[in-house]
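Working through the structure, step by step
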Amino acid sequence: MVSTLTGLTIWLKLEQRQLTQQVSSLTMAKQAETDQVKRLQAQVNLLNQQVPKGLSNQLEETQAELKKLQNRTEEVNDKAVSSE
């Protein structure tokens with residue numbers, strides 16, 4: 001009975017040591033992932049600062065010009081079809 005308890009105690013201590021190591025590894029991995037997320041957030045913030053503020057206005061103007069060109073093309077096509 002004593003030898004069984006001794007063996008169980010040794011096994012439990014080994015398991016505790018392994019679990020402690022696993023917790024330590026997981027904690028370090030979590031910290032590494034957290035650091036990576038922070039780095040990526042910083043990169044995104046930097047990229048957002050580098051995008052010109054007037055980009056959306058330029059896009060709207062370009063879309064308006066494109067719409068005008070499409071309308072003119074349709075007008076020309078309509079005239080070409082009606083004159084045939």
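Residues numbered from 1 in each chain as written. Predicted model: local features only at pLDDT ≥ 70, side-chain atom pairs only at ≥ 80, totals over all residues. Heavy atoms only, no water.

1. Points about the overall build of the chain
Across its full length, the chain holds 2 helices and 0 strands. Against the compact-globule benchmark of 12 Å for 84 residues, the chain has a radius of gyration of 34 Å, which places it well outside the compact range. Its C-alpha atoms give the chain principal-axis dimensions of about 110 × 35 × 10 Å. Total accessible area computed for the chain in this model is approximately 8,100 Å², and 59% of it derives from carbon and sulfur atoms. Both charge centroids of the chain, one from 10 positive and one from 10 negative side chains, sit 16 Å from each other. (Helix = DSSP H or I, 4+ residues; strand = E, 2+ residues; numbered from the N terminus. Rg over C-alpha atoms; globule rule 2.2 N^0.38 Å. Areas by Shrake-Rupley, 256 points an atom, 1.4 Å probe, with all protein chains shown as cover. Lys, Arg positive; Asp, Glu negative; His and termini not counted. Charge placed at Lys NZ, Arg CZ, Asp CG, Glu CD.)

2. Some thoughts on a nonpolar patch on the surface
On the surface, M1, L5, L8, W11 and L12 cluster together into a nonpolar patch covering about 570 Å² of accessible area. Assignment of secondary structure puts M1 in the segment before α1 (2–50). Judged by its relative accessible area of 76%, M1 falls in the exposed class. (Patch = residues over 30% accessible without salt bridge, like charges linked within 9 Å, V, L, I, M, F, W, Y side chains within 5 Å. Salt bridge = Lys/Arg side-chain N within 4 Å of Asp/Glu carboxyl O. Buried < 20%, exposed > 50% of the residue type's maximum accessible area, 1.4 Å probe, protein only.)

3. Here's the deal with the pattern of salt bridges
Enumeration over the complete set of coordinates arrives at 1 salt bridge. Two residues, K68 and E65, come together in a salt bridge whose shortest N-O distance is 3.6 Å. With K68 and E65 both in helix α2 (residues 55–82) and 3 residues apart, the pair spans about one turn of that helix. Take K68: its relative accessible area is 44%, and that puts it in the partly exposed class.

That is the geometry; function is a separate question.
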